[in-house]
Each structure stands twice: as structure tokens, then as C-alpha cells.
Amino acid sequence: MNDELETMIASALAPTDAEWLRGAADELRTGDASRALFAFFAGAGRRARSLAPEAVGKAAAMLESMGGGSAVSWTPADVVRAVLLLAVIPRLAVGTAADLSRELFLRGDNAERCALMRGLGLWDAIAAAQVPVAVEACRTNVKDVFAAIACDNPYPARYFSEAQFNQMVLKALLLGLGLARVEGLGRRRNPELTRMVSAYANERRHAGRALPADIDLAIGPPETS
Amino acid sequence: MKLLDPHIHMSSRTTDDYRNMAEAGVVCVVEPAFWLGQPRTHAGSFEDYFLSLVGWERFRASQFGIRHLCTIGLNPKEANNESLAQDVIDMLPRYLEKEGVVAVGEIGFDDMTPVEERRFGEQIELARRHGLPILVHTPHRDKLRGTERTIALVRECGFTPELTLIDHNTEETLPLTLDAGCWAGHSMYPETKMDETRMVALVKRYGSERILINSAADWGFSDPLKVPKTARAMRDGGIPEADIEAVVWHNPVAFFASSGRIDASEFEEPVRVDQRELWEGNSVLRGQEPAVER
Ligand SMILES: [Zn+2]
């Protein structure tokens, strides 16, 4: 699937950008991955401008099926960054991969951080080791970065502890992000979340402020499938 | 008329400034990396500063519909700290690759020491390698000499003058900058550097080609509304609209577009403001109704 994705994306880029992507991916597969990755990852945004829209849609569907963020969430730059990660991550030991993610997150700009979050679930073998960086991303004050992990992304419901998941849902509610976009919310509902969300509803009532329309999605027992 | 402030240190300004600038027609700012008013003690604080320029500050600006771009570089003052300077130079390549980084800067001369000259030259080379133009600070003291040496160094390095913006010009330095084929920035400070009346006279004399103005506002005595105020002064002074628009929009856009990092068509579109993006716990709204533009 990785090769298929890379070939498809490269063929949908302008020739110079395609050449850049092939070269970058080759270097990442063979060379000292981490150092090269930082510059490629940072510069991917402007290379992705030439990516054909149909290719973005196709790639997004593939990435969703591989465990990444849902298809609606991927931007052209995210897709190109995912191709770069797919060339590196599978070669690395779990600990090294987690260190690399942390490095990409800490020294990334907002768009790099978003791309990283959408790809966290792409590698089953190391996915669980990525929880600390995902939780760190939930602490951000930049809305897009928070939304990249909290919304349209199966990762938190699959890997977050109850406390981590609850904090994220409450923050999404506070930001008015739309709880329908929090994947797996129904199945991860729990009594503590119900208590937290009800307390928040009370606080709003006391302040004379309206309740978010979707607040009920976070209240009640877990859905059973 | 859309306005671009091509040199303003927004990290040191408040959200009130962003709001007032947006109201006055500023739709884009370029924030050059500079010093922080006192010397940094380790290279790590440069890195966190660069990261805030491409992260938090960019988001803060977007909340007011203002596009935030930046320049990354080692400033001349701190270039004099030898042990720090090498570490900062070494970390630059990674940051010069980031989106929204549209030039290497502010670089140039402060005390005009040999060390400053060496770091200036090294960063011109980095600009070439990353396909970026350069934003050059000129010194407050001995400005004429500093500008001459800047032009000489750019020439020696074989760097394209059209990719060079020499900033903080005065009546004395402007003709040199223009004759060298470089772009000329003017910092409109409340008391020093340049003022509106003098700027109107300069545009009348030299026209609008390759001329830019900025507020250079920072944590010092400065005014983030100097670009709109100077545009008004130019209008009151009878300067044609096309020339005003060149100075406050087309010239800075053209210069920074030479980085290849600006999508020109997207750049003409306004940034959608959605203040719902603001944070309840950390927001200028605090109970007010958010402004949402559709
Ligand atoms: Zn400055």
C-alpha cells in the first residue's frame, strides 16, 4: 500500500515536485532518516501545491483505510507528509519512531503538527507509543492543531486512556468543535465524562449562556455495537 | 486598499494592535526575526522564538484576518556572541524550509564588526541555498557607511540585488540603495528613523519603484499603525493612488513573492476571520459575541 500511495502521489504532482518527492523518499529509505526528514517535512507544503485534487481524495481514502485520520481531513500537504513518514517510520524501532514523532511535533509549524496528528494511527506496531505526543498536541492553543487530533481521527478513541479521552472531549466541547467529529465518542462514553460534561453544562447555565447543541453526544453510557 | 506591513515585531504587540491594524486595512504582516531587547544566553531560546514565529504568532494573527509571514535569521547584534552564533547558524537550515518563511533576515550590520560581516556573508549563502531573498537591517549609528558596506558585501557575494531589501533607509541612504538595484525599506518611527512628511517628500522625488514602508513596531516606542497613517499622508500630499498602492502593497508582495513561498492568487484573497477560533480561557472575546465573516 505504501508504494502504491507514493507512486500515485508522485504521478499527480508537477514534474519538479514529483522528482523532489521521489528523491526525498529514496533518501529516507536508505540514508540517515531523521536528519533528512526534518527539512523534507518542513518543505513539503509548497511541493504539495501542484497535487491534483482527485489524487488528494484518493490518497485520503487510502490513508483512512490504513488507520489514519478520516478522508475528509487530509490536505494536499498532509498527504505528501504522510508519504514521507511512510518511507521512514516502518524502518524504525518503536522507541526511535516515538522520539522522531516528538521531535517533528516540537519543532514543527502548525501545518506540520496537523499532518503528524492525522498520521499517528498509520502504524499499528508503534501507534500505542505515540500517545504522549498526541496528548501533548491536545494541550495546544492553536485550534487547527487540536482539531487534527481530536476531530475526524480514530486515534484517540483507540489509544487514549479514559482520563486523556475525557479531557480531549471536554476541550472540543469548549471550543465548539462539533462532537459529531470526535470519532468513537459513543463507544468511549463513561460515567466520569458524563459528570464532567454535566458540570460544564451547569457552569454555562449559571453564566446565562446557551448549551452547545451537541452536548448530549458526550453524556450517557457507552454505546454497544 | 489592502496594506502590508513588511517589518513589524508582532510577538511584542497586543491583540488590540492586531484589531486596530485589521480595522485600518492591514491584511498581511511580515515579522522579521530580531533580538528581544536584551541578549539571549543560549541558542535554545532562538529556536523557541523561531517556532513561535511559525506557530503561535501565525495563529494569533489569523484570528484577526491577518496573514502572518516571517523571516528567519541571526540578527547582527547577537552575531557578536561567538559561541551562540555558531549554534544559531547551524539550526537555520531547518527553519528556512518552513512554510511562510519568506526571507532570510534581519541580517546585516550593527556595530560593523568583522564577526558581523562574516555572519552576514554566511547567511547570504544560506539564502542562496534555500532560494530566499534577504531582509537587511542597517545600523542606527554610522548608517551611511553601514549601507555602503552592505551594498558592497551583497555585490562581493554575487547575490542578486533584486532579491535584497535594505531597510531603515533615510534621505542619505535611499539613492545608494536604489542605484544598487535593491529594494528600499523605510521604518516610520514616531521620533527617530523616518516620518510621514519626509516619506511623502521621498516618494515625490524618487517615485514608488522598489520603495517600501513599514512600522518596525516592537516593544519600544513605536506605532503599529504607521503604514496606514503614512498611506493617508501620501494621499493628503497628492501622491497618485497607484503609487501609494505600489508602496504599501504591490512592492512588498512582489519582493516576498520572489521567495516562491507565496501563492500569489491565494494571497489576493482575504483570510476568513472566524473568531470562534478564539479560546474561551485565553481570548480577547471573554463573553463578547465572536465576529464571523462569511
Ligand atoms: Zn526590526
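See the structure above.
If you're wondering where the values come from, they're calculated on a predicted model, not measured in any experiment.

Quick notes on the rules
- Residues numbered from 1 in each chain as written.
- Chains lettered and ligands numbered in written order.
- Predicted model: local features only at pLDDT ≥ 70, side-chain atom pairs only at ≥ 80, totals over all residues.
- Heavy atoms only, no water.
- Helix = DSSP H or I, 4+ residues; strand = E, 2+ residues; numbered from the N terminus.
- Rg over C-alpha atoms; globule rule 2.2 N^0.38 Å.
- Buried < 20%, exposed > 50% of the residue type's maximum accessible area, 1.4 Å probe, protein only.
- Contact = heavy atoms within 4.5 Å.
- Core = buried A, V, L, I, M, F, W, Y, C linked by side-chain atoms within 4.5 Å.
- Axes fitted to C-alpha atoms, helices over the stretch in contact; angles between N-to-C directions.
- Parallel < 35°, antiparallel > 145°, perpendicular 65-115°, else oblique.
- Left-handed = near helix turned anticlockwise from the far one by under 90°.
- Nonpolar A, V, L, I, M, F, W, Y, C, P; charged D, E, K, R; others polar.
- Donors = N, O, S within 2.8 Å, 3.2 Å for Na, K, Ca; no water.
- Pairing = 2+ DSSP bridges.
- Right-handed = clockwise from strand over helix to strand, strands pointing away.
- Salt bridge = Lys/Arg side-chain N within 4 Å of Asp/Glu carboxyl O.
- Expected span 1.5 Å × (residues − 1).

S.K.: Help me out: how do you make sense of the overall build of chain B in this one?
M.R.: Helix and strand content of chain B: twelve helices and eight strands. Relative to the globule expectation of 19 Å for 294 residues, the C-alpha radius of gyration of chain B, 18 Å, shows essentially globular dimensions. A buried classification covers 59% of the 294 residues belonging to chain B. Considering only intrachain contacts with a sequence separation of at least 6, the fraction spanning at least 24 residues in chain B is 73%.

S.K.: Would you mind showing me how to read the nonpolar core here?
M.R.: Considering soluble globular proteins, one finds that nonpolar side chains tend to be buried as a cluster. If you look at the biggest cluster of nonpolar residues, it comprises 88 residues, and the most contacted ones within it are A:Ile9, A:Leu84 and A:Phe160. The element that contributes the greatest number of residues to this core is helix H5 (residues 76-88) of chain A, accounting for ten residues. Once you skip the residues sitting within four places of it in the chain, A:Phe160 turns out to touch A:Val131, A:Ala134, A:Val135, A:Cys138, A:Ile149, A:Tyr155, A:Phe165, A:Met168 and A:Arg188. Counting residues in hydrophobic clusters, the runner-up holds 35 residues, among them B:Leu53, B:Ala85, B:Val136 and B:Leu153.

S.K.: Help me understand the packing of helix H12 (residues 162-174) of chain A against helix H14 (residues 191-206) of chain A in this model?
M.R.: The relative placement of two packed helices comes down to the angle between their axes together with the axis-to-axis distance. All names here are of chain A. For the pair H12 and H14, the least separation of the axes is 10 Å and the interaxial angle reads 25°. Overall, the two elements H12 and H14 adopt an arrangement that is roughly parallel. Like other packed secondary-structure pairs, H12 and H14 cross with a definite hand, here right-handed. In contact with Glu162, Asn166, Gln167, Val169, Leu170, Leu173 and Leu174 of H12, H14 contributes Glu192, Leu193, Met196, Val197 and Tyr200. For the contact of H12 with H14, the per-class residue count stands at eight nonpolar, two polar and two charged.

S.K.: What am I meant to see in the coordination of the zinc ion here?
M.R.: Residues and elements named next belong to chain B. Within the first shell, the zinc ion binds the protein through His7 (NE2), His9 (NE2) and Glu106 (OE), at distances of 2.0 to 2.2 Å. Spacing between the donor residues of the zinc ion along the chain follows H-x1-H-x96-E. Here Glu106 lies in strand E4 (residues 101-108) and His7 lies in the loop between strand E1 (3-5) and helix H1 (15-23), a separation of 99 residues in the sequence. A relative accessible area of 2% places Glu106 in the buried class.

S.K.: It is not clear to me how the pairing of strand E2 (residues 26-32) of chain B should be interpreted in this structure. Could you clarify?
M.R.: Successive side chains on a regular strand alternate, one facing one side of the sheet and the next facing the other. All names here are of chain B. Of all seven residues making up E2, six are buried, and the element is well covered by its neighbours. As paired strands, E1 and E2 are joined by three bridges and run parallel to one another. The partner of Asp5 across the bridge, within E2, is Val29. As a crossover connection, the stretch from E1 through H1 into E2 is right-handed. Pairing between E2 and strand E3 (residues 67-72): five bridges, direction parallel. Each residue of the ladder has a partner; that of Pro32, found in E3, is Thr71.

S.K.: What exactly am I supposed to notice about the pattern of salt bridges here?
M.R.: Evaluated as defined, the whole model comprises 31 salt bridges over all chains. Between B:Glu99 and A:Arg46 there is a salt bridge, and its shortest N-O distance comes to 3.8 Å. Highlighted residues: B:Glu99 in the loop between helix H5 (82-96) and E4 and A:Arg46 in helix H3 (residues 33-47), drawn from two different chains. Here B:Glu99 falls in the buried class, since its relative accessible area comes to 15%. A:Arg107 is paired through a salt bridge with A:Glu103; the nearest N and O atoms lie 2.8 Å apart.

S.K.: Looking at this structure, how should I read H12(A)?
M.R.: Note: α-helices contain 3.6 residues per turn, so residues at a spacing of three or four share the same orientation. All names here are of chain A. Taking 1.5 Å as the rise per residue, H12 with 13 residues should run 18 Å; its terminal C-alpha atoms sit 18 Å apart, in good agreement. Turning to H12, its buried residues are Phe165, Asn166, Met168, Val169, Leu170, Lys171, Ala172 and Leu173. Directly beyond the C-terminal end of H12, a positive phi value near 65° is found at Gly176.

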